[in-house]
Every structure is written in C-alpha cells, then in structure tokens.
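Breakdown of the fold
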Amino acid sequence: MDDVQYAISDGYRVAVVEAGEAWLWRLTTPGGRDAGGFAPDERSAKRCAAFAAFTLSAFERSSARSV
C-alpha cells in the first residue's frame with residue numbers, strides 16, 4: 001500500500017504507512033524535527049500523529065515565550 005501523506009495545521013507533515021500488522025506514522029515539523037511510531041490501525045496512526053503535532057507545537061510555543 002502507498003503512503004498516505006497529508007499536511008496538518010501550521011506546516012506539519014504526516015505520512016502514514018501500512019507496515020505489516022501495524023501502521024507506521026511519521027510527523028515532520030516545520031523546523032525539520034521528526035517524530036514517529038506504530039499504531040494498530042490507520043485511524044489510530046493518524047490520531048497519534050495529530051497528538052504529537054499538538055504536543056510539539058505546544059513545546060515550541062512554550063520555548064518561544066521563555067526566550
């Protein structure tokens with residue numbers, strides 16, 4: 001199966017790939033940072049990626065405020 005790639009808010013990019021019995025999700029931030037992991041199905045993989053994007057975005061905002 002081909003990658004399912006899409007953009008989410010603020011320039012974050014997500015790729016979701018079927019990997020045998022699991023799904024691999026990969027998130028790339030606008031700054032070039034990567035995060036990824038496995039999930040049991042495609043829907044869960046997309047939710048994991050969205051949560052990671054939300055969390056990394058919060059960290060970046062917090063870091064920007066403290067500088």
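Before any of the text, the structure's been laid out above.
Residues numbered from 1 in each chain as written. Predicted model: local features only at pLDDT ≥ 70, side-chain atom pairs only at ≥ 80, totals over all residues. Heavy atoms only, no water.

1. Some thoughts on the overall build of the protein
Helices and strands together make up the secondary structure of the protein, namely 1 helix and 4 strands. Going residue by residue from the N terminus, the α and β elements of the protein occur as β-β-β-β-α. In the protein, which comprises 67 residues, the share counted as buried stands at 25%. When the accessible area of the protein is evaluated, it comes to approximately 4600 Å², of which 54% is carbon and sulfur surface. (Helix = DSSP H or I, 4+ residues; strand = E, 2+ residues; numbered from the N terminus. Buried < 20%, exposed > 50% of the residue type's maximum accessible area, 1.4 Å probe, protein only. Areas by Shrake-Rupley, 256 points an atom, 1.4 Å probe, with all protein chains shown as cover.)

2. Quick word on the pairing of strand E4 (residues 34-39)
Where strand E3 (residues 22-28) lies against E4, 6 bridges are found, and the strand directions are antiparallel. Within E4, the position partnered with Trp25 by the bridge is Gly37. Linking two consecutive strands that pair antiparallel, namely E3 and E4, is a turn of 5 residues; a positive phi of about 95 degrees is found at Gly32 within it. (Pairing = 2+ DSSP bridges.)

3. Looking at the nonpolar core
By size, the foremost hydrophobic cluster in this structure holds 11 residues: Tyr12, Val14, Val16, Trp23, Trp25, Leu27, Ala39, Ala45, Ala49, Ala52 and Ala53. Of the residues forming this core, the biggest block, 4 residues, is contributed by helix H1 (residues 42-65). (Core = buried A, V, L, I, M, F, W, Y, C linked by side-chain atoms within 4.5 Å.)

4. Topic: the side chain of Ser57
Note on placement: Ser57 falls in helix H1. Sequence-distant contacts of Ser57, that is, excluding residues within four places in its chain, are made with Asp10 and Tyr12. (Contact = heavy atoms within 4.5 Å.)

5. Some words on H1
In a regular helix each residue adds 1.5 Å, so 24 residues correspond to 34 Å; H1 covers 35 Å between its end C-alpha atoms and thus fits that length. If you check which residues of H1 are buried, you get Ser44, Ala45, Ala49, Ala52, Ala53 and Ser57. (Expected span 1.5 Å × (residues − 1).)

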